[in-house]
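# Close look at the chain arrangement
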Amino acid sequence: MHPRDLAIGAAFAGAIALIAWRARALTPSGAVAAFAVGALTYASGTLGFTLVLLAFFVPSVGLSRFGRARKRELVDIGKHGARDALQVLANGGVATVCAVAWAFTHDPRWAFAFAGAYAAATADTWATEIGTLAKRQPRSILTLRPVATGLSGGITLPGTLAEFAGAFWIGVMGTVGIVLAYVLGSFDFGWSFSQAPTVVTAPVLALFAVPVAGIAGATLDSVLGATAQELRHCDACDRTCETDPHVCGNRTRRVRGLPGISNDVVNLLATAAGAAVAAGILNALFG
Ligand SMILES: [Zn+2]
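Overview of the structure. Since this is a predicted model, take the numbers as computed values, not measurements.

## Focus: the overall build of the chain
- From N to C terminus, the chain includes eight helices and five strands.
- N-terminal to C-terminal, the α/β element order of the chain is α-α-α-α-α-β-β-α-α-β-β-β-α.
- Here the C-alpha atoms of the chain give a radius of gyration of 19 Å, agreeing with the 19 Å that 2.2 N^0.38 yields for 287 residues.
- Reported as C-alpha extents along the three principal axes, the dimensions of the chain are approximately 60 × 40 × 30 Å.
- The long-range fraction of contacts in the chain, counting pairs at least 24 apart against all pairs at least 6 apart in sequence, stands at 75%.

Next up, the structure:
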């Protein structure tokens, strides 16, 4: 990690975080977290890694604005609106740790893990944003019984197609990022591998491994959303929800799931799974 890259990253991430905060895509704490994520990502992997971060961030802001009026009606979810620090770190925290680990080791497995984490975050975000606009009611990923629109663990056909598209999109941008990092001289393919991946095999493998990692992570997100994640009930409104207090201001009680397993915790686990799958595929073939 070069001090010059950290300075460039800080300036760049600061500008983006400020714009996103002004546009109400981020809360003040969310803007601080996004600044840290952006600065460390650029410092660790310069343009190649930053391209992957922006490929996650820009469409997710755009999609959350798409169909806003309908999403605003989904008052039980509490997932819409500006992202706070916990939401930013739940989606970008694992990837940022992987980026920093890559900067200090130059082990390509960390670069694959970085892209795999964002593939999972992107696949889940696209599935949620498109899925909540679907006309047909979502069904539980486990029981296939109908569930309320927007609640975790529910899947729709448009949402699932969007999930695959999001994972593939990061696969493409991750591949471009790896080639860019190689051209810029910061991607070392030779790191202690018995059969070193090359400038040809590494991008081809990324194009396969990163989308697979994204779909695996987003699927885990849905399964945990249908099982371990807290499902709560507001007795005042007689509505199922995921927040405490409810948007009406009344306290809610847990009716399913494990205490403390919020949507943010599930997102964190899903991105960790995406990172592990992408790095694991590279390791299985070249480790
Ligand atoms: Zn309520």
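Moving on from the coordinates now.
## Considerations on the sheet that holds strand β4 (residues 239–241)
- Strand order in the open sheet formed by three strands is β4-β3-β5, with antiparallel pairing between adjacent strands. At either margin of the open sheet sits one strand with a lone partner, and together these are β4 and β5 (253–256). Averaged over neighbouring strand pairs, the angle between their axes works out to 40° when direction is ignored.

## Side note on helix α2 (residues 28–65)
- Helix length check: α2 (38 residues) gives 19 Å between terminal C-alpha atoms against 56 Å at 1.5 Å per residue, more than 12% under.
- At Thr46, α2 shows its strongest bend, of approximately 130°.
- Two residues or fewer after α2 comes Gly67, characterised by a positive phi angle close to 65°.

## Considerations on unusual backbone geometry
- Along the chain, Asp244 connects to Pro245 via a cis peptide bond; the corresponding omega equals 0°.
- Its place among the elements puts Pro245 in the loop between β4 and β5.
- Positive phi, close to 65°, is recorded for Leu144, a residue that is not glycine.
- Its location among the elements puts Leu144 in the loop between β1 (139–140) and β2 (154–155).
- The exposure class of Leu144 is exposed, given the 9 C-beta atoms found within 10 Å.

## Details of the nonpolar core
- By size, the foremost hydrophobic cluster in this structure holds 75 residues, and its most contacted members are Phe114, Ala115, Tyr118, Ile170 and Ala278.
- Listed by contribution, the elements that provide at least two residues to this core are α1 (3–22), α2, α4 (85–105), α5 (108–131), α6 (157–183), α7 (201–226) and α8 (263–286).
- The residues touching Ala115, leaving out its near neighbours within four places in the chain, are Val52, Ile170, Gly174, Gly177, Ala206, Val210 and Ala278.

## Some thoughts on the packing of α5 against α7
- Orientation of α5 relative to α7, taken along the N-to-C sense of each, is 45°, at an axis distance of 7 Å. Judged by the inter-axis angle, α5 sits oblique to α7. In the crossing of α5 with α7, the sense of the turn from one axis to the other is right-handed. On α7, the residues that touch Pro108, Phe112, Ala115, Gly116, Ala119, Ala120, Thr122, Ala123, Asp124 and Ala127 of α5 are Ala202, Ala206, Ala209, Val210, Pro211, Ala213, Gly214, Ile215, Gly217, Ala218 and Asp221.
- Of the residues belonging to the contact of α5 with α7, the class tally is 15 nonpolar, four polar and two charged.

## What to know about the pairing of strand β3 (residues 231–234)
- What you see with β3 is a clean split: Arg232 and Cys234 sit on the buried side and Leu231 and His233 on the side with no burial.
- Here three bridges tie β3 to β5, and the two strands are oriented antiparallel to one another. Within the sheet, the bridge partner assigned to Leu231 lies in β5 and is Arg256.
- Looking at chain direction, β3 and β4 are connected through three bridges and run antiparallel.

The rules behind each value
For every chain, the first residue of the written sequence is number 1, and numbering continues from 1 onward in sequence order. Only residues with pLDDT of at least 70 are given local features in this predicted model, and only at 80 or more are side-chain atom pairs given and counted; all residues enter the totals for whole chains, interfaces and linings. By definition, any uninterrupted DSSP run of H or I lasting at least four residues is a helix, any uninterrupted run of E lasting at least two residues is a strand, and each is numbered from the N terminus. In this treatment the radius of gyration is a C-alpha quantity, and the globule benchmark scales as 2.2 Å times the residue count to the 0.38 power. Throughout, a pair of residues is in contact if the C-beta atoms placed from their backbones lie within 7 Å. Two strands pair under a simple rule: DSSP has to find at least two bridges between them. For helices, the axis comes from a line fit to the C-alpha atoms of the stretch in contact; other axes are also lines fit to C-alpha atoms, and the angle between any two N-to-C directions lies between 0 and 180 degrees. Take the residue count of a helix, subtract one, and multiply by 1.5 Å to get its expected span. Two axes enter the definition of the bend at a residue: one is fitted to the seven residues ending there, the other to the seven starting there, and the bend is the angle between them. Our exposure labels follow a C-beta count within 10 Å of each residue's own C-beta, placed from the backbone: buried means 20 or more other C-beta atoms, exposed means 12 or fewer, and partly exposed covers the counts in between. Only buried Ala, Val, Leu, Ile, Met, Phe, Trp, Tyr and Cys residues enter a nonpolar core, and they are joined through C-beta atoms within 7 Å. Angles are sorted into four bins: roughly parallel if under 35 degrees, roughly antiparallel if over 145, roughly perpendicular if 65 to 115, and oblique for all others. Throughout, a crossing is termed right-handed when the near helix is turned clockwise from the far one, and left-handed when it is turned anticlockwise from it by less than a right angle. Lys, Arg, Asp and Glu make up the charged group, whereas Ala, Val, Leu, Ile, Met, Phe, Trp, Tyr, Cys and Pro make up the nonpolar group; the residues left over, Gly among them, are polar.

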